[in-house]
Amino acid sequence: MAANEFQQHALSVADSQQANAAFAERRAIAAERFAATAWPGRKTEAWKYTSLRSLQELTEASFAEQAKAIELPEAVKAVDSYRLVFVDGVFQADLSGDLPEFACRFSEANAEQKAFINEKLGTVVATQTESARNLFSYLNDAWLHDGVLLHLPRGASLNKPLYLVYVSTSEAANATLAHQRLLVWLEDNSQANVIEHYLSESVASNDDDVSSLTNGITEIHVGQNAQLHHTRLNLEDEAHTHIGGVHLALSRDSVAKCFALGEGGRLKRIDYQISHNGPGAELIMHGAYLARNKQLIDYHTCIEHREPHCNSLEVIRGIVGDKAKAVFNGRIHIHQDAQKTLAELHNRNLLTSNGAEVDTKPELEIYADDVKCAHGATVSQLDETALYYLQSRGIEAAEARMLLSYGFVNEVLSQLPYQPLLESLQVRLRARFIDEARKSAAEKLIGESA
Amino acid sequence: MSEQVESLIRQDYAAGFHSAIESDTLPPGLDEDVVRFISAAKEEPEWMLEWRLKAYRAWKEMDEPTWAHVHYPEIDFKSISYYSTPKSMKDRPKSLDEVDPELLETYEKLGIPLHEQEALAGVAVDAVFDSVSVVTTFREKLKEAGVIFCPISEAIREYPELVQKYLGSVVPQKDNFYAALNSAVFSDGSFVYIPKGVRCPMELSTYFRINELNTGQFERTLIVADEGSHVSYLEGCTAPMRDENQLHAAVVELVALDGARIKYSTVQNWYPGDKEGKGGIYNFVTKRGIAHDNASISWTQVETGSAVTWKYPSCILKGDNSVGEFYSVALTNNFQQADTGTKMIHLGKNTRSTIIAKGISAGRSDSAYRGLVRINPAAEGARNFTQCDSLLIGDRCGAHTFPYIENRNASAVIEHEATTSKVSDDQMFLCQQRGLDAEKAVSMIVNGFCREVFKELPMEFAVEAGKLLEVSLEGSVG
Amino acid sequence: MLQIRELVASVEGKQILNGLSLDIKPGEVHAIMGPNGAGKSTLGNVLTGREGYEVISGEVLFNGEDMLALDIEERARAGLFLAFQYPVEIPGVSNMEFLKAAVDARRSHMKQEELSSFDFMKLAREASKKVSLDAAFLKRGVNEGFSGGEKKRNEILQMMMLEPSLCVLDETDSGLDIDALQVVADGVNAMRDSERSFIVVTHYQRLLDYIIPDYVHVLANGRIVKSGDKELARELEAKGYGWLEGEVA
């Protein structure tokens, strides 16, 4: 049985939960698997650079009873969308809009949708692979009580994005656990945009605060010739922990564009598991992670090419400052039948402070010979000559640093197709980088005078 | 085209003969008594025995590593004999004339004449047959320059203070499972000491040969380059063709003191097993060097042999401005598996490392690059450049890249690039249209692919390496 | 020298050549023109025996021998040379090494002695001068990082070194500026003699102002639909290929 304290607590929370009876069996199996999985340590490859120690602060945490009333950011409201808002894991009806006929919450599903959820849920999550990697997918199933379904029939096209907003408000003294589950099923020739936006309201009052854990798992099936645009913003702040993932299965000739942004957070660990299951499928993924203070952000992406003539392009940038740490693991696996694959992965990192750490591991595993694959990873600092150039044109040092950091991520950021969100993120990041640049300038001054 | 290419890569192993030499071989199995026996057979001092026993006790508590991308049946460490010595060596020969002619002939067959008058000019050779150093050439000439080049068993007796100071200082006994095993039972290997400011007047070379059945080979090499000295060292290996797998677990330690330069080159051609994947050497090797201030260590390896290779020649860049280099070609064919790469640990300021790794996979083989670049917080201004390229020949082989990049210093710059491609039909067509046959075309393209690494090898080995690749790609046109 | 009779060939199951016939005597220069997709490049690839090009019927005699029975490299050693439309890069293999291997193979086929490295170098330097390539290019990887024009000149350099008896130039002029075109044409013209024949495949008449052909053939739908002398090329330049369509059908 589970030897880890948090593991035990998570199971007892599941036990005492008033759950939807339809999920009882699924929950029981998952709880068993979760309990049977050895708690990851430094020698567990999937968690080599990411410690789960801070979860021990959550052994008193519980699910929130009801949704607090909050104010949504203007940028969120400005996106023309089908919006659903959850606060501390609880549905907040007042802030949510109407849903299209293709979507529902699990708890409000009609008979047909119920049958569909029952049939498809869990079919995309890669539970057959190594168990340590799926630990939090098991947990998600063990805690399963509600979720959101988007099921587009053949040839249908969603006229505006489905926008899921998840807000954490809890504080360390009253820590919460939150469960999120999203199932997106695009039948052949259909088309949809989906946004998942995680944010927080409370801020840590001291460094060691751990106020919440959100476990958000998304499953997406993209049917033949279907088109998906998926965005996942993980912008929770200091005291909040997020461990979850996006599982994506691509059918023949389908196209998926993904955008991922991780900023802040006590601990963020997001796993992307993407599988090309039909010939001619294409994936384009852009992402960025920005960590500072004592934050830890960990993105794992794994792209499985199982069929010929598929493409994937992955561009991930990271900026890490202060005493923060970023982990990136990008795996591309070309199976034997996946001839004529074109796969590329680019990971670039900027380290802006000496206490910061980046661990990156771009992996290629290739079993087909007629393929073109390339990956590149770099770690560097802000380019001194570029800084000098900007300064020589009269730009203040801090401003110059900000511009360079900002430029570094903006290439990726500009891929976000939602103007209000993009603009608010650009403002937010400028402010963040100028703050960081001032701080590092101050540090330097102190260093020189010492 | 790929079928045609594939038929080209059937390989014949040229060094697969077995020599009929009588030997004394310890019965299979490992316990403290075996360790004591080996130590006694080598007439070792007490401290050495204690050192070995400490390693043995640590090994007993350790587990075989399983993280590498290789698969092989579990090794029964009890069925291996840990010591074998040619009978005629019992009374050590005092000179070449006393060496068993059959032994000398074995080396002649391998193309390594040990008679000094015939030997490669400018290369001193230490020949290790099964577990024992057979002969070391040009010792006198080296001595004039103050260079010590001798079997490590002899060094333990003759230069105990040097050995005691440096043995295990880079690869400690408990470093890993195979290093611990080696520390307990290593039988021989080479020892090199280059005094302060001396440029070693000739290339040094060790040639390893496994001959006996069911013996493990555990050699230990220790090279100490004192301040400001230079040395270039070559290592070659072959083994007879046998249906059983044989274990080779060597340890190599390099110490480059301030301003010293060590260049270590390997052409590894252990028996790779037959076309069905039967037999072949398990090559589980720990190689590591430590570079002090302004020192440099360069590893170059051409790996074409062994059934399973598990090997990561590494550099600890301890001193400021120290430099580490790793140039590697790994060719796997048939059922061979290789998991190889390097670790560059940057500790000192302005440390630099370069990694160029070329993997060629053919047949049903699997080749993985696994590398670690770690920049510690104090390594201001550290730089690394890594390039890993894989070439695939045929659609049943695998090529993998697992680079670990860990950076904890903001002033570091790390670049990593990797590509995977195949010998393209267009390249083959161009060569053939210009009148080259398919075999020559593949060998030319593969050699071109490896060029950056071959140019790092000393002349004698570069020729050998090129030929080795050609042999590995030899066969009839389908 | 070369007789092509009723050649029918396909690529990936699609028939491209539909009964092409052509007779080339020693010392002749034949230009083959035609609209895109007429099968111009296919001809060169079929003649050299490139994989993926399947001959369905017809015959090709090279110096009286059945050429279709030979491997790619055997045809090359017998004196057939194709200057590629898109020359291939071979990283790490130097031009020099590549040329030496090719020249050795050709000479040994012709029962000539192998050239010494010294003589070979001398020839290679002279040839590179003739095509205005710096001798440094000889040390670089085959076509590695060459510009388009440098690649084409490198093809002519190889042709000079190999001294083939039949040269097929596949769109060697495409993408060349006038200066480079002049260099290429000079190289070809210098090699013209009473024994050596050329097939010049091109889309544009421009090249034929520099390399004056003895015959011009128009290839359309995989067949030669019209033959004439160099005036035909001018006519094509003026009128385009459209007016031939009646004859194609």
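Residues numbered from 1 in each chain as written. Chains lettered and ligands numbered in written order. Predicted model: local features only at pLDDT ≥ 70, side-chain atom pairs only at ≥ 80, totals over all residues. Heavy atoms only, no water.

Caption draft 1: Broad picture of the overall build of chain A. From N to C terminus, chain A includes 8 helices and 20 strands. Taking 2.2 N^0.38 as the reference for a compact globule, 450 residues should give roughly 22 Å; the C-alpha atoms of chain A span a radius of gyration of 22 Å, in line with that estimate. Considering only C-alpha atoms, chain A reaches an extent of 70 × 55 × 45 Å along its principal axes. Within chain A, the proportion of its 450 residues that are buried is 62%. Of all intrachain contacts in chain A linking residues separated by at least 6 positions in sequence, the fraction that spans at least 24 positions is 84%. Accessible area for chain A stands at about 17,500 Å²; split by element, carbon and sulfur atoms hold 46% of it. Looking at charge distribution, chain A has the averaged site of its 42 positive side-chain charges lying 3 Å from that of its 60 negative ones. (Helix = DSSP H or I, 4+ residues; strand = E, 2+ residues; numbered from the N terminus. Rg over C-alpha atoms; globule rule 2.2 N^0.38 Å. Buried < 20%, exposed > 50% of the residue type's maximum accessible area, 1.4 Å probe, protein only. Contact = heavy atoms within 4.5 Å. Areas by Shrake-Rupley, 256 points an atom, 1.4 Å probe, with all protein chains shown as cover. Lys, Arg positive; Asp, Glu negative; His and termini not counted. Charge placed at Lys NZ, Arg CZ, Asp CG, Glu CD.)

Caption draft 2: Region of the structure containing the interface of chain B and chain A. Contact residues are listed per partner, giving 35 residues for chain B and 35 residues for chain A. For the pair chain B and chain A, the two sides together bury roughly 2,700 Å², of which 47% comes from carbon and sulfur. For the chain B face of the interface with chain A, the top three residues by lost area are Tyr404, Ile405 and Ala410 of chain B, together amounting to 20%. For the interface between chain B and chain A, the tally reads 2 salt bridges. Between Glu357 of chain A and Arg408 of chain B there is a salt bridge, and its shortest N-O distance comes to 3.1 Å. Scanning the region where chain B abuts chain A turns up 20 residue pairs in polar contact (both at pLDDT 80 or more). When contributions to the side of chain B that touches chain A are tallied by element, the ones reaching two or more residues are β22 (398-407) and β23 (413-422) of chain B. Its residues placed into classes, the side of chain B that touches chain A shows 13 nonpolar, 13 polar and 9 charged. Relative to β22 of chain B, strand β19 (residues 357-366) of chain A runs antiparallel, the two sharing 6 bridges. Its bridge partner lying in β22 of chain B, Ile366 of chain A is registered against Ala399 of chain B. (Buried area = accessible area lost by both parts, 1.4 Å probe. Salt bridge = Lys/Arg side-chain N within 4 Å of Asp/Glu carboxyl O. Polar contact = N/O pair within 3.5 Å; in protein donor to acceptor, adjacent residues only side chain to side chain. Nonpolar A, V, L, I, M, F, W, Y, C, P; charged D, E, K, R; others polar. Pairing = 2+ DSSP bridges.)

Caption draft 3: Local environment of helix α9 (residues 425-433) of chain B. Residues and elements named next belong to chain B. Across the 9 residues that make up α9, a large majority, 7, are buried. Of all the positions in α9, only Gln427, Met428, Phe429, Leu430, Cys431, Gln432 and Gln433 are classed as buried. A positive phi of about 95° marks Gly435, the residue just after α9.

Caption draft 4: A look at the side chain of Glu203 of chain B. Residues and elements named next belong to chain B. Relative to the helices and strands, Glu203 is located in strand β7 (residues 203-209). Buried within the structure, Glu203 lacks any salt-bridge partner; Lys263 is the closest side chain of opposite charge, at an N-O distance of 8.4 Å. In this structure the side chain of Glu203 is engaged in a polar contact, spanning 2.6 Å, whose partner is the side chain of Ser232.

Caption draft 5: Here's a closer look at the interface of chain B and chain C. On the chain C side, the residues contacting the 19 residues of chain B number 29 residues. Here chain B meets chain C over a buried area of about 2,100 Å², counting both sides, of which 63% is carbon and sulfur. Broken down residue by residue, the surface that chain B buries against chain C is led by Phe429, Gln433 and Arg434 of chain B, which jointly contribute 35%. Along the contact surface separating chain B from chain C lie 3 salt bridges. Across the salt bridge formed by Glu155 of chain C and Arg434 of chain B, the nearest N and O atoms sit 2.7 Å from each other.

Caption draft 6: Summary view of the pattern of salt bridges. Tallying each qualifying case throughout the model produces 56 salt bridges over all chains. Here Glu45 of chain A and Lys361 of chain A are joined by a salt bridge, their closest N and O atoms 2.8 Å apart. A residue pair is termed long-range when its members are at least 10 positions apart, and Glu45 of chain A in the loop between α2 (24-36) and β1 (62-63) and Lys361 of chain A in strand β19 qualify at 316 residues. Relative accessible area serves as the criterion here: at 4%, Lys361 of chain A is assigned to the buried category. In this structure, Lys100 of chain C engages Asp104 of chain C in a salt bridge whose closest nitrogen and oxygen atoms are separated by 3.2 Å. Taken together, the residues span about one helical turn, with Lys100 of chain C and Asp104 of chain C both in helix α3 (residues 95-109) at a distance of 4 residues. No difference in accessibility class separates Lys100 of chain C from Asp104 of chain C, as the two residues are buried. Connected through shared salt-bridge partners, Glu45, Glu304, Arg331, Lys361, Glu363 and Glu365 of chain A make up one network.

It is worth stressing that arrangement in space is one thing and function is another; only the former is reported here.
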